[in-house]
Amino acid sequence: MTTVSHHTFATTARGLDRSAAPMRLFEKAKRYGVWNPSDIDFSQDVADWQRLTALEQEVLLHLTALFQAGEEAVTADILPLLLTVAAEGRIEEEMYLTTFLFEEAKHTDFFRRFLDEVAGVHIDLSHFHSPNYRAIVYDALPAAMQALLVDRSPAAQVRASVTYNMIVEGVLAETGYHAYLSALERNGLMPGQCRGIRLLKQDESRHIAYGVYLISRLVAADDSLWQVAEDTMNDLLGSALGVVADTFGCYETMPFDLDEGEFANFALNQFQKRIERLERARGASLEEITRITERAIDQGDA
Ligand code: MN
Ligand code: FE2
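Residues numbered from 1 in each chain as written. Chains lettered and ligands numbered in written order. Predicted model: local features only at pLDDT ≥ 70, side-chain atom pairs only at ≥ 80, totals over all residues. Heavy atoms only, no water.

Our focus in this paragraph is the side chain of Glu104. Along the chain, Glu104 turns up in helix H6 (residues 91-119). Within the buried core, Glu104 has no salt-bridge partner, and the shortest N-O distance to an opposite charge, that of Arg206, equals 9.7 Å. Leaving out residues up to four positions away in the same chain, Glu104 has contacts with Glu71, Val74, Thr75, Tyr164, Glu169, Glu204 and His207. (Helix = DSSP H or I, 4+ residues; strand = E, 2+ residues; numbered from the N terminus. Buried < 20%, exposed > 50% of the residue type's maximum accessible area, 1.4 Å probe, protein only. Lys, Arg positive; Asp, Glu negative; His and termini not counted. Salt bridge = Lys/Arg side-chain N within 4 Å of Asp/Glu carboxyl O. Contact = heavy atoms within 4.5 Å.)

So, in structure tokens, the structure goes:
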């Protein structure tokens, strides 16, 4: 085994680049990412759950089974990205990513509390994971992330971040949480669950903002990576939207006025907005990418 040494430390040589977009996100995460799932009061949620119909309970359980495994997957699969940015000496990005991992762990904690304390469910929920869901969360996500353990090339990083941030977070998670939260709010149900989802959505928007920044930085440095990003999106977008269709396909009538079109339109709109941001990064300078990221953060997209 070869000996590994540090030759320099950023913080005693050049200092921290506090103007870098990841440091902006780190500051936000230290302020807004520290909510505690254990503090959420589920007492009204328990009462609400008991008044739901069997179909309503089934649908909430179905969605929660998708969110729960998704959060565990993103917790389990982020580490190769931390190793990659650490190996490149990008201490600001690594510092931000420590909050990212912490937040995903808290989301995993949050949904399991809901299953244990509100739904009181202790059966295996994996029958809710459809073939399209499995294609992404069971297979494509860990494959793209673990590829970084043997190949840290910019192309591998683009594939990893597009899969993780653009597809799993940007299409699946964000859309699911948006529709789930508006369904509960519309029906005046489960205030504890709503509060947790609102906090979790804020965390996710920082994660996605980081991902868009990372892909932008990589594409700006090498325009041939744009094709890699597009190919990865095209490979996965069908399955991601298929998860919505699979879910609705299980039920003849959806409770809570859940609307398939609302899910699908939201997913495509968010996706389109981020592709446009990525396209502006082509040939841009790091300063321009930082400005684009900051504008997105200021507009609430983080
Ligand atoms: Mn999450
Ligand atoms: Fe996330």
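Past the structure itself, the notes keep going.
Let's shift gears to the coordination of the iron ion (ligand 2). Coordination of the iron ion (ligand 2) by the protein comes from Glu104 (OE), Glu169 (OE), Glu204 (OE) and His207 (ND1), over a distance range of 1.8 to 2.1 Å. For the iron ion (ligand 2), the four donor atoms in the first shell make angles of 91 to 149° at the metal, a pattern classed as irregular. Donor residues for the iron ion (ligand 2), ordered by position in the chain, follow E-x64-E-x34-E-x2-H. The two metals, the iron ion (ligand 2) and the manganese ion (ligand 1), are separated by 3.5 Å and share Glu104 as a common coordinating residue. In this pair, Glu104 is assigned in helix H6 and Glu169 in helix H8 (residues 154-186), connecting sequence segments 65 residues apart. A relative accessible area of 1% means that Glu169 is categorised as buried. (Donors = N, O, S within 2.8 Å, 3.2 Å for Na, K, Ca; no water. Tetrahedral: all angles 85-135°; square planar, octahedral: opposite > 155°, others 65-115°.)

Moving on, we get to helix H2 (residues 21-32). With 12 residues, H2 should reach 16 Å at 1.5 Å per residue; the first-to-last C-alpha distance of 16 Å fits that figure. Every buried residue of H2 is accounted for by Ala21, Pro22, Met23, Leu25, Phe26 and Ala29. Looking at the packing, one finds that the buried side of H2 touches H6, helix H9 (191-221) and helix H12 (286-298). (Expected span 1.5 Å × (residues − 1).)

Looking now at the packing of aromatic side chains. Using the criterion set out here, one finds 14 aromatic pairs in the structure. Measuring from centroid to centroid gives 5.1 Å for Phe110 and Phe111, while their planes differ by 65°, and the two rings are edge-to-face. For Phe111, a relative accessible area of 0% translates into the label buried. Here the aromatic cluster, defined as three or more aromatic residues joined through ring pairs, consists of Trp35, Phe42, Trp49, Phe67, Phe110, Phe111, Phe114, Tyr177 and Tyr180. (Phe/Tyr/Trp six-rings, centres within 6.5 Å; stacked < 30°, edge-to-face > 60°.)

Residues Glu230, Asp231, Asp235, Glu276 and Glu279 make up a contiguous surface patch of negative charge. Of all elements in the fold, only helix H10 (225-249) and helix H11 (260-281) reach the threshold of two or more residues within the negative patch. Along the chain, Asp235 turns up in helix H10. (Patch = residues over 30% accessible without salt bridge, like charges linked within 9 Å, V, L, I, M, F, W, Y side chains within 5 Å. Areas by Shrake-Rupley, 256 points an atom, 1.4 Å probe, with all protein chains shown as cover. Charge placed at Lys NZ, Arg CZ, Asp CG, Glu CD.)

Here the focus is the pattern of salt bridges. Counted under the stated rule, the structure contains 16 salt bridges. For the salt bridge of Lys30 with Glu27, the shortest nitrogen-to-oxygen distance reads 3.0 Å. Taken together, the positions of Lys30 and Glu27, both in helix H2 and three residues apart, correspond to about one turn of that helix. For Lys30, a relative accessible area of 41% gives the class partly exposed.

Attention now moves to the coordination of the manganese ion (ligand 1). Around the manganese ion (ligand 1), the protein supplies Glu71 (OE), Glu104 (OE), His107 (ND1) and Glu204 (OE) as donor atoms, at distances of 1.8 to 2.2 Å. Sequence spacing among the residues donating to the manganese ion (ligand 1) works out to E-x32-E-x2-H-x96-E.

Bringing the nonpolar core into the picture now. Judged by nonpolar contacts, the single largest core of 58 residues is most densely connected at Met166 and Tyr210. No other element matches H8, which puts 10 residues into this core. Beyond its immediate stretch of four places on either side in the chain, Tyr210 contacts Pro22, Leu25, Leu81, Val85, Glu93, Tyr96 and Leu97. By size, the runner-up hydrophobic cluster in this structure holds 40 residues, among which are Trp49, Phe110, Ala119 and Leu199. (Core = buried A, V, L, I, M, F, W, Y, C linked by side-chain atoms within 4.5 Å.)

Honestly, it's all geometry; don't read function into it.
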